[in-house]
Amino acid sequence: MKCHAFVLISISFVLTTTAFAQLKSSKVSCPAFEVDILHGKVSGLKPDRTTNEITGKFPCYTSKTEENSSSKCGGMIEYKDKGITFYTGRNYVEIGPAFKGKMSIKMLGTKRGSLFKVLGTAKIKDSKWDAYQTSYGCLVLYYGADNKVKKIQFSTYGTDAIQLCE
């Protein structure tokens with residue numbers, strides 16, 4: 001009789017805990033990406049933050065490359081579905097045309113030369129990009145055939161020290 005009572009209690013325990021179980025999504029969610037161009041930050045993080053700091057704040061990355069001697073561009077954390085990539089080995093952030101998030105200043109799709117009042121004069125100019133020296137490092141704007149911003153990179157390094165991944 002004691003054995004039956006134990007089995008009955010065990011079964012009721014299993015059924016009770018199962019009844020309170022919840023379905024949980026396996027998809028990891030992230031807070032919205034908020035880019036502050038004038039201060040060189042993404043949701044408060046500068047481009048020189050570590051992989052753990054970035055993935056801790058934004059765990060929904062689509063791919064990650066560790067920083068080591070065999071990695072082409074140093075460490076990299078990509079959020080392909082959000083249009084943003086952190087290059088941790090080279091201390092810069094790249095924002096592409098498919099960026100999903102907020103920007104302190106609208107830049108993607110902006111006509112070349114229209115940001116002079118905000119950014120001043122570019123330190124280095126090329127036919128397809130302009131590089132600006134900033135208080136935090138540098139900002140590089142890339143232009144499409146329509147002469148509008150299609151890609152943004154910003155770094156804690158200045159224009160003379162930044163090493164971009166090709």
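Residues numbered from 1 in each chain as written. Predicted model: local features only at pLDDT ≥ 70, side-chain atom pairs only at ≥ 80, totals over all residues. Heavy atoms only, no water.

Enquirer: I'm lost on the overall build of the chain in this one. Help?
Expert: In terms of helices and strands, the chain carries 3 helices and 11 strands. The order of α-helices and β-strands along the chain, N terminus first, is α-β-β-α-β-β-β-β-β-α-β-β-β-β. Looking at the chain as a whole, 37% of its 166 residues are labelled buried. For the chain, long-range pairs separated by at least 24 residues make up 43% of all intrachain contacts whose partners lie at least 6 apart in sequence. (Helix = DSSP H or I, 4+ residues; strand = E, 2+ residues; numbered from the N terminus. Buried < 20%, exposed > 50% of the residue type's maximum accessible area, 1.4 Å probe, protein only. Contact = heavy atoms within 4.5 Å.)

Enquirer: Explain the side chain of Thr-51 to me, please; I cannot follow it from the model alone.
Expert: Of note, Thr-51 is situated in helix 2 (residues 51-57). Overall, the relative accessible area of 11% leaves Thr-51 in the buried class. If near-sequence neighbours (up to four positions away) are discounted, Thr-51 is found in contact with Lys-64, Glu-67, Ile-77 and Thr-88.

Enquirer: I tried to follow the state of the cysteines on my own but got confused; where do I start?
Expert: Disulfides are covalent bonds that link the sulfur atoms of two cysteine residues. Here the structure, examined in full by the defined rule, presents 2 disulfides. Residue Cys-30 pairs covalently with Cys-60 via a disulfide, S to S 2.0 Å. Negative torsions about the S-S bond denote left-handed disulfides, and the value of about -115° found for Cys-30 with Cys-60 makes this one left-handed. Here the residue Cys-30 occupies a position in the loop between helix 1 (2-19) and strand 1 (34-36), and Cys-60 occupies one in the loop between helix 2 and strand 3 (63-65), the gap between them amounting to 30 residues. On the accessibility criterion, Cys-30 (22% relative accessible area) is partly exposed. If one numbers only the bonded cysteines of the chain, in the order they occur, the disulfide pattern is 1-2, 3-4. (Disulfide = S-S within 2.5 Å.)

Enquirer: What should I look at first to understand the pattern of salt bridges in this one?
Expert: For side chains bearing opposite charge, pairing can occur when the charged atoms are close. Summed over all chains, the structure comprises 6 salt bridges. Between Glu-66 and Lys-64 there is a salt bridge; the shortest N-O distance is 3.5 Å. For Glu-66, a relative accessible area of 42% translates into the label partly exposed. Through salt bridges with shared partners, a single network forms among Asp-48, Arg-49 and Glu-53. (Salt bridge = Lys/Arg side-chain N within 4 Å of Asp/Glu carboxyl O.)

Enquirer: So what exactly am I meant to see when it comes to the pairing of strand 9 (residues 129-133) here?
Expert: Each regular strand shows side chains that alternate between the opposite faces of the sheet. Summarising the sheet, strand 8 (residues 124-125) and strand 9 pair through 2 bridges and their orientation is antiparallel. Looking across to strand 9, one finds that Lys-125 is bridged to Asp-130. Two successive antiparallel strands, strand 8 and strand 9, enclose a turn made up of 3 residues. Sheet topology places strand 9 next to strand 10 (residues 138-143); 5 bridges connect them, and they run antiparallel. Among the inter-strand pairings, Gln-133 is bridged to a residue of strand 10, identified as Cys-138. (Pairing = 2+ DSSP bridges.)

Enquirer: I would appreciate a short explanation of the environment of Ile-105 in the present structure.
Expert: Relative to the helices and strands, Ile-105 resides in the loop between strand 7 (102-103) and helix 3 (116-119). A sequence separation of 69 residues divides Ile-105 from Asp-36, and the C-alpha atoms of the two residues are 7.5 Å apart. Residues in contact with Ile-105, not counting those within four places in the same chain, are Leu-38, Leu-115 and Val-118.

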